[in-house]
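Survey of secondary and tertiary structure
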Amino acid sequence: MSDPLENFRSEIADWIAANLPDELRGVPTTEDTICWGGRNWVFTSDAQRLWLERCAERGLTCPRWPSEYGGGGLTRGEEKALREEMTKAGAPSPLQSFGIWMLGPALLKFGTPEQKAAHLPDITAGKIRWCQGYSEPGAGSDLASVQTRAEDMGDHWLINGQKIWTSYADKADKIFALVRTDRDAPKHLGISFMLIDMQTPGVTTRPIRLISGASPFCETFFDNVKVPKEGAIVGEQNRGWDVAKYLLTHEREMIGGGGGGLTSGDTLAQMMGTLDPGTLNDPVLRAEAMELEVDAMAFALTMERYKDMSEAGQGVGHASAMLKYYGTELNKRRQEVLMSAQGSNALDWEAGSAADWLRSKANSIEGGTSEVMLDIIAKRVLELPAK
Ligand SMILES: Cc1cc2nc3c(=O)[nH]c(=O)nc-3n(C[C@H](O)[C@H](O)[C@H](O)COP(=O)(O)OP(=O)(O)OC[C@H]3O[C@@H](n4cnc5c(N)ncnc54)[C@H](O)[C@@H]3O)c2cc1C
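Figured I'd write up the structure that's included with this text. Computed from a prediction, not measured in an experiment: that's the story for all the values here.

1. Re the side chain of Glu219
- Among the structural elements, Glu219 can be located in strand β7 (residues 218-228).
- Residue classification places Glu219 among the buried positions, given a relative accessible area of 16%.
- A distance of 3.1 Å separates a polar atom in the side chain of Glu219 from a polar atom in the side chain of Gln162.
- Excluding anything up to four places from it in sequence, Glu219 contacts Gln162, Lys163, Ile164, Thr166, Thr204, Thr205, Arg206 and Ile208.

In structure tokens:
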């Protein structure tokens, strides 16, 4: 075989066949079986641990990152082939993490060589779990209003303030946070992007309970937290807004593509096929499902096209707002159809549909709401004049 991409495909298919533990093959990933890694991670099985270790060793937890940091150094074409072969073999994702989706890309672009060497290998190996300290009670959509303060104390920063909606803060080892380092500067120009160990004295978390029961959300408090200066700030001091925005484009791309498995996993038809026989006999529902499937296919192709167009590892830039908006709104439509197809059975909490339906609403809020995405699309993608 002379085509290098086909050589890669066959090599990786052999590797997966030899290394994927049988008990993980074809088992759908659920909230309970995701591997998040981190200092305190308890593997659900030996197979989960082995799969992570083997993939990390081969650079497959972050296929496109440079191999010097534990990535796979793959080209875009190789990454696609890898994804296809993983799907064919029924392999679960070996590791999911905010480090992979968000912090890593920001460090690759803005980090010093020392910061990259200190953090990226721990992310690719699943050794350190990160959480995101962006939102505050008065700074959600208007994120640049963050008030958590970092005072320069010579050899360290002194942090005081509060974050909210910090997903999995109680399980994370470290947090990447936006802090105000200059209170006199215009709001976008006084923010720094800081890395803080959650074990530092003065950092506490409090889980937030939702109406649906337990949740991953926490409030995170910083009470006279001393952060050694060395390596704490990513990018320039007071210019953390640039890092924050870049990270958000990666977060939005990830959420847009991941919205309920729209670009991977089961199709709506497959999901509906598991419902009571006869559900798909309703012509109106069939038409609606068909329209959604076509939209989902077009969306998946659009996503691939943007990724093809983007620079290696750089993400899709402002187009991430379009992908997030469309992907999450589409997922909401899909969940609505699944709910209506099931009638009152859909309200059975244990069956799972109601939880997925509610979760789809959160997709269009996290990482920036749909209204905010529309604003970005108008300004940055369509370049419409301000009102
Ligand atoms: C599942 C989930 C996970 C999350 N995880 C994290 C996390 O790990 N870390 C973290 O820091 N944050 C996290 N968040 C918080 C999330 O980023 C915020 O909820 C989001 O940015 C919106 O902010 P807000 O909740 O303060 O709403 P607000 O900003 O108060 O918005 C309220 C409403 O007003 C609308 N609105 C606000 N401004 C405008 C405008 N200019 N134009 C039009 N409409 C507007 C919004 O669209 C929304 O409908 C998470 C949220 C969710 C749902």
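On we go from here.
2. A closer look at helix α2 (residues 46-57)
- For α2, built from 12 residues, the straight-helix expectation of 16 Å at 1.5 Å per residue is met to within 8% by its first-to-last C-alpha distance of 16 Å.
- Among all positions in α2, only Ala47, Gln48, Trp51, Leu52, Cys55 and Ala56 are buried. On an axial view of α2, the arc spanned by its buried residues comes to 160°, and they lie on one face. Turned more than 90 degrees off the buried face of α2, the exposed positions are Asp46 and Glu57.
- Looking at the buried positions of α2, the neighbouring elements they touch are α1 (4-19), α3 (76-89) and α5 (113-124).
- Within two residues after α2, Gly59 carries a phi angle of roughly 80°, on the positive side.

3. Side note on the packing of α1 against α3
- It is at 9 Å that the axes of α1 and α3 come closest, and there the two elements cross at 35°. The two elements α1 and α3 meet at a crossing, and its hand is right-handed. Between α1, through Leu5, Phe8, Arg9, Ile12, Ala13 and Ile16, and α3, the contact on the second element is made entirely by Gly77, Glu78, Ala81, Leu82, Glu84, Glu85, Met86 and Ala89.
- By residue class, the composition of the contact of α1 with α3 is 9 nonpolar, 1 polar and 4 charged.

4. Quick look at the site of the ligand
- Taken together, 17 residues lie around the ligand, and Ser135, Ser141, Trp165, Thr369 and Glu371 are the ones closest in.
- Between the ligand and the protein, one listed contact pairs a nitrogen atom with a side-chain N or O atom of Ser167 at 2.8 Å.
- With respect to the ligand, the side chain of Glu371 contributes an N or O atom lying 2.7 Å from an oxygen atom.
- Against a free-state accessible area of 990 Å², the protein chains account for coverage of 64% of the ligand.
- Among the residues making up the shell around the ligand, the classes are represented as 6 nonpolar, 8 polar and 3 charged.

Cut-offs applied
Residues numbered from 1 in each chain as written. Predicted model: local features only at pLDDT ≥ 70, side-chain atom pairs only at ≥ 80, totals over all residues. Heavy atoms only, no water. Helix = DSSP H or I, 4+ residues; strand = E, 2+ residues; numbered from the N terminus. Buried < 20%, exposed > 50% of the residue type's maximum accessible area, 1.4 Å probe, protein only. Polar contact = N/O pair within 3.5 Å; in protein donor to acceptor, adjacent residues only side chain to side chain. Contact = heavy atoms within 4.5 Å. Expected span 1.5 Å × (residues − 1). Arc of directions from axis to C-beta. Axes fitted to C-alpha atoms, helices over the stretch in contact; angles between N-to-C directions. Left-handed = near helix turned anticlockwise from the far one by under 90°. Nonpolar A, V, L, I, M, F, W, Y, C, P; charged D, E, K, R; others polar. Near = heavy atom within 4 Å. Areas by Shrake-Rupley, 256 points an atom, 1.4 Å probe, with all protein chains shown as cover.

In short, the description is geometric, and any link to function would need to be established separately.
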